[in-house]
Amino acid sequence: MGDPRLGSRLKEVRMAAGLTQAELAERAGVSRKTINTVENGVFVPSTLLALSLASVLGTSVEELFYLVEH
């Protein structure tokens, strides 16, 4: 299950890059459902997946994911 401490900008960065979930998934080597669950906070990506998504989107992991302060 997702972790409420993890925030994600994945959807906005993906959309700004003009990519669909399916296109990002294909480039990152995962399923579209994986992208959907990460974007919706259901699934916390592994370090490897986070690095892969950042690389595909030409940004840093820190730009895509951040800690939510309570």
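Further up the page is the structure itself.
The structure contained in this document is the topic of the report that follows. This structure is a prediction, so every number in the text was calculated from the model and none was measured.

Here we look at the pattern of salt bridges
- Throughout the structure, instances matching the rule amount to one salt bridge.
- A salt bridge links arginine 14 to glutamate 39, with the shortest nitrogen-to-oxygen separation between them at 2.5 Å. Highlighted residues: arginine 14 in helix H1 (residues 10-16) and glutamate 39 in helix H3 (residues 32-39), separated in sequence by 25 residues.
- Residue arginine 14 is classed as buried on the basis of its relative accessible area, which comes to 7%.
- According to the relative accessible area criterion, glutamate 39 is buried, its value standing at 14%.

Focus on the packing of helix H2 (residues 21-28) against helix H4 (residues 47-57)
- Direction vectors running N to C along H2 and H4 enclose 115°, while the axes themselves pass 9 Å from each other. By the angle between their axes, H2 is roughly perpendicular relative to H4. Between H2 and H4 the crossing geometry is right-handed. Touching Leu24, Arg27 and Ala28 of H2 are Ser52, Leu53, Val56 and Leu57, all from H4.
- Tallied by class, the residues present in the contact of H2 with H4 amount to five nonpolar, one polar and one charged.

Structural notes on the nonpolar core
- Leu10, Leu24, Ile35, Leu53, Leu57, Leu64 and Phe65 are the most contacted members of the largest nonpolar core, which has 15 residues in total.
- Counting only elements with at least two residues in this core, the list comes to H1, H2, H3 and H4.

Cut-offs and rules
Residues numbered from 1 in each chain as written. Predicted model: local features only at pLDDT ≥ 70, side-chain atom pairs only at ≥ 80, totals over all residues. Heavy atoms only, no water. Salt bridge = Lys/Arg side-chain N within 4 Å of Asp/Glu carboxyl O. Helix = DSSP H or I, 4+ residues; strand = E, 2+ residues; numbered from the N terminus. Buried < 20%, exposed > 50% of the residue type's maximum accessible area, 1.4 Å probe, protein only. Axes fitted to C-alpha atoms, helices over the stretch in contact; angles between N-to-C directions. Parallel < 35°, antiparallel > 145°, perpendicular 65-115°, else oblique. Left-handed = near helix turned anticlockwise from the far one by under 90°. Contact = heavy atoms within 4.5 Å. Nonpolar A, V, L, I, M, F, W, Y, C, P; charged D, E, K, R; others polar. Core = buried A, V, L, I, M, F, W, Y, C linked by side-chain atoms within 4.5 Å.

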